[in-house]
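Each chain is listed here by its residues.
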Amino acid sequence: MDFGFRCPVILCLTLAVLASVLADLDDPLMGAPGSSVRLSENDPGLKKALKFAEDRYNMGSNTMHVRRVSKILSASKQLVKGIRYSIMVELSNTQCKKAARLMTCDFYPEEHNLKTEVCVFEVWDIPWERKSTLLKQKCQQAVDPKPVETNKVEFLSLSTSKPVEHVFSFILYLLGQFKEFMVRYNRTYSSKEVTERRLRIFHENLKTAEKLQSLDLGTAEYGVTKFSDLTEEEFRTLYLNPLLSQQKFQRSMKPAAMTHSPAPPSWDWREHGAVSPVKNQGMCGSCWAFSVTGNIEGQWFVKTGKLVSLSEQELVDCDTVDQACGGGLPSNAYEAIEKLGGLETETDYSYTGKKQSCDFTTDKVTAYINSSVELSKDENGDIYLSNPTCFSLVVCPQFYRKGVSHPLKIFCNPWMIDHAVLLVGYGERQGKPFWAIKNSWGEDYGEQGYYYLYRGSRLCGINKMCSSAIVN
């Protein structure tokens, strides 16, 4: 029944955010089965899970002193045949030696003795069976980055100690950010309910960006991007490539011949005319095709002096081994191009972002390849010398805006590769060595479509799957 009440959009969103924010200030209720719920530090189940994770950590470590949680960075739980806790914390040394078995253990007052680590734990608790299991434990030494001049985003955060005025200031700030996001990226939603859901996701993503900002060791800026209204699962489903981490699908490739040329201190293939403009794969997991065509565009330029934009859609439609928007592998794509006889141009076979029937025409082939090779896994080797290099890595961050990204390795497992991109150069900024990476998410991602990753630590699996076509 309609009582004649109409809620203005801004007021409705304000009320929705207020409810969400106030829920953050209290212990949340358990959500629907399978949904993730953020936890406060006072949650009894979280305290139990942390104690269990602490005990297992100390039992398995070879340190002399007991380590305890010194700071909770984030915590959530899901109903999964029990309760699964996902926790990120800082662990620091106490003054208690393990052999002493003391009831109370204070942290060292001297910061250099704390030897703090950042750890991610997943604990599966089945209360009715009185059973807990540590599903995951990943830790990395915390490093305080040296202060540098950056343009990092400043975030407003909430705590129970903040007055009501602060809460409403935050709501107004959040609504302003969301409105600006919708205008900038031309977002419209089908209903008030959908809008409220996207706003809640946007709110959670701001918190995630804040967490990434606080833990990054480089000069990167994280914040609002065109992906800020997507959940992590939606982002991975729409834009990433799960096949890259599946070893059984990968075709073996012969190793590239080693080069003995000394590497210059910096290099950028964009400055030499070998890189086409940034493209946009859209909501299609076809990054593998963009990475491969980018490599061949560079190879063709090096051999002929001509830069042509080649067709990714040809691979999406005509590569019968890979799975089009469902993902693919560069090694398979090279082989498909050899069998087809080459690639048409982007103009002749334009991109649609969805699989269609193969419309390849031999007469329109503009570039071809003779073979393909796997490049050295030595990050300081020859992967940058011959041409822009096709390679795969753990995803470019969803909320990356600019700067040299240096994530902790626990956020960037090299065995979970899920995105194919193009390495076009390297250099140094503000004392931070970097790789320049051409992405395929459009020019409105990162720095005009480029992502800059710290060079020298084999981050994000950057040295795991490097390959190149050969043009004779």
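Residues numbered from 1 in each chain as written. Predicted model: local features only at pLDDT ≥ 70, side-chain atom pairs only at ≥ 80, totals over all residues. Heavy atoms only, no water.

- If you look the chain up in an unreviewed UniProt entry, it shows as Cathepsin F from Oncorhynchus mykiss.
- Its UniProt record gives the chain a comment under Function (unreviewed entry), which states: "Cysteine proteinase inhibitor." (UniProt positions renumbered as here; feature names shortened; annotations may be inferred.)

### Points about the pairing of strand E14 (residues 432-438)
- Of all seven residues in E14, seven are buried; the element is thus mostly enclosed.
- Burial along E14 is two-sided: the residues Lys 432, Phe 434, Ala 436 and Lys 438 and Pro 433, Trp 435 and Ile 437 are all buried.
- The sheet contact formed by strand E13 (residues 419-429) and E14 spans seven bridges and is antiparallel. In the sheet register, Tyr 426 faces E14, and the bridge partner there is Trp 435.
- Connecting the antiparallel pair E13 and E14 is a turn made up of two residues, with Gln 430 showing a positive phi of about 45 degrees.
- Note: E14 against strand E15 (residues 450-454), five bridges, orientation antiparallel. (Buried < 20%, exposed > 50% of the residue type's maximum accessible area, 1.4 Å probe, protein only. Helix = DSSP H or I, 4+ residues; strand = E, 2+ residues; numbered from the N terminus. Pairing = 2+ DSSP bridges.)

### A short note on the environment of Leu 340
- Turning to its location among the elements, Leu 340 is positioned in helix H9 (residues 330-340).
- Given a relative accessible area of 21%, Leu 340 falls into the partly exposed group.
- Residues Leu 340 and Tyr 368 lie 28 residues apart in sequence; the distance between their C-alpha atoms is 9.3 Å.

### Some details on the pattern of salt bridges
- Considering all chains together, one arrives at 19 salt bridges under this definition.
- Two residues, Glu 196 and Lys 192, come together in a salt bridge whose shortest N-O distance is 3.2 Å. Here Glu 196 pairs with Lys 192, and both are found in helix H5 (residues 192-215), just four residues apart, close to one helical turn.
- Take Glu 196: its relative accessible area is 14%, and that puts it in the buried class.
- With its nearest N and O atoms 3.4 Å apart, the salt bridge here joins Glu 232 to Arg 236. (Salt bridge = Lys/Arg side-chain N within 4 Å of Asp/Glu carboxyl O.)

### Comments concerning the state of the cysteines
- Scanning the model with the defined rule gives four disulfides in all.
- The disulfide bridge from Cys 96 ends at Cys 105, spanning 2.3 Å between sulfur atoms. Measuring the twist about the S-S bond at about -115 degrees, one finds the Cys 96-Cys 105 disulfide to be left-handed. Of the two residues examined, Cys 96 and Cys 105, each falls in the buried class.
- The disulfide partner of Cys 318 is Cys 358, and the S-S distance across this bridge is 2.0 Å. Here the disulfide of Cys 318 and Cys 358 is right-handed, its torsion about the S-S bond being about 95 degrees. Remark: Cys 358 occurs in the loop between H9 and strand E9 (371-374) and Cys 318 occurs in helix H8 (residues 312-318); sequence separation between them is 40 residues. (Disulfide = S-S within 2.5 Å.)

### A word on the nonpolar core
- Core analysis: the biggest nonpolar cluster contains 37 residues, and Phe 227, Tyr 239, Tyr 400, Trp 441, Tyr 445, Tyr 451 and Leu 453 have the highest contact counts within it.
- Contributing elements (two or more residues each) for this core: helix H6 (232-239), E13, E14 and E15.
- In contact with Tyr 445, not counting residues within four places along its chain, are Lys 226, Phe 227, Cys 396, Pro 397, Tyr 400, Asn 439, Tyr 450 and Tyr 451.
- By size, the runner-up hydrophobic cluster in this structure holds 18 residues, among which are Leu 39, Leu 46, Ala 53 and Phe 121. (Core = buried A, V, L, I, M, F, W, Y, C linked by side-chain atoms within 4.5 Å. Contact = heavy atoms within 4.5 Å.)

### Concerning the pairing of strand E5 (residues 131-141)
- The pairing of strand E4 (residues 117-126) with E5 spans 10 bridges and is antiparallel. Residue pairing across strands places Phe 121 opposite Gln 137, the latter belonging to E5.
- Count of turn residues in the E4/E5 antiparallel hairpin: four residues, of which Arg 130 carries a positive phi of about 50 degrees.

### Thoughts on the packing of helix H7 (residues 287-304) against H9
- Closest axis-to-axis distance for the H7/H9 pair is 9 Å, and the angle between their directions is 60 degrees. Our classification of the angle between H7 and H9 gives oblique. Judged by the twist between their axes, the crossing of H7 over H9 is right-handed. Residue-level contacts link Trp 288, Val 292, Asn 295 and Ile 296 of H7 to Pro 330, Ala 333, Tyr 334 and Ile 337 of H9.
- In the contact of H7 with H9, the residues fall into seven nonpolar, one polar and no charged. (Axes fitted to C-alpha atoms, helices over the stretch in contact; angles between N-to-C directions. Parallel < 35°, antiparallel > 145°, perpendicular 65-115°, else oblique. Left-handed = near helix turned anticlockwise from the far one by under 90°. Nonpolar A, V, L, I, M, F, W, Y, C, P; charged D, E, K, R; others polar.)

### Quick look at the confidence of the model for the chain
- Overall, the predicted model of the chain reaches an average pLDDT of 83, with 80% of residues at or above 70.
- Confidence, read as mean pLDDT per element, is least for helix H1 (residues 9-25) in the chain (53) and greatest for H8 (97).
- Between residues 1-8, whose pLDDT stays under 50, and residues either more than four places distant or in other chains, the model counts one contact.
- Note on residues 145-154: pLDDT is under 50 here. Beyond four places in sequence and across chains, it has 18 contacts. (pLDDT = per-residue confidence, 0-100.)

### Considering the packing of aromatic side chains
- All told, the structure shown has 20 aromatic pairs when counted by the stated rule.
- Seen from their ring centres, Phe 178 and Phe 181 are 6.2 Å apart, and the 20 degrees between their planes marks the pair as stacked. With a gap of three residues between them, Phe 178 and Phe 181 both fall in helix H4 (residues 164-184), about one helical turn apart.
- Classification of Phe 181 by relative accessible area gives buried; the value is 2%.
- Here Tyr 426 and Trp 435 contribute two aromatic rings whose centre-to-centre distance is 5.9 Å and whose plane-to-plane angle is 70 degrees, an arrangement assigned as edge-to-face. The residues Tyr 426 and Trp 435 share a single accessibility class, namely buried.
- Grouped by ring-pair contacts, the aromatic residues Phe 227, Phe 235, Tyr 239, Tyr 400, Trp 441, Tyr 445 and Tyr 451 constitute a single cluster.
- One Lys or Arg, Arg 429, reaches over the ring of Phe 434 and ends 5.6 Å from the middle of that ring. (Phe/Tyr/Trp six-rings, centres within 6.5 Å; stacked < 30°, edge-to-face > 60°. Lys NZ or Arg CZ within 6 Å of the ring centre and 35° of its normal.)

### Side note on the environment of Gly 223
- Mapped onto the elements, Gly 223 comes out in the loop between strand E6 (221-222) and H6.
- For Gly 223 and Ala 209, which are 14 residues apart along the polypeptide, the C-alpha to C-alpha distance reads 5.3 Å.

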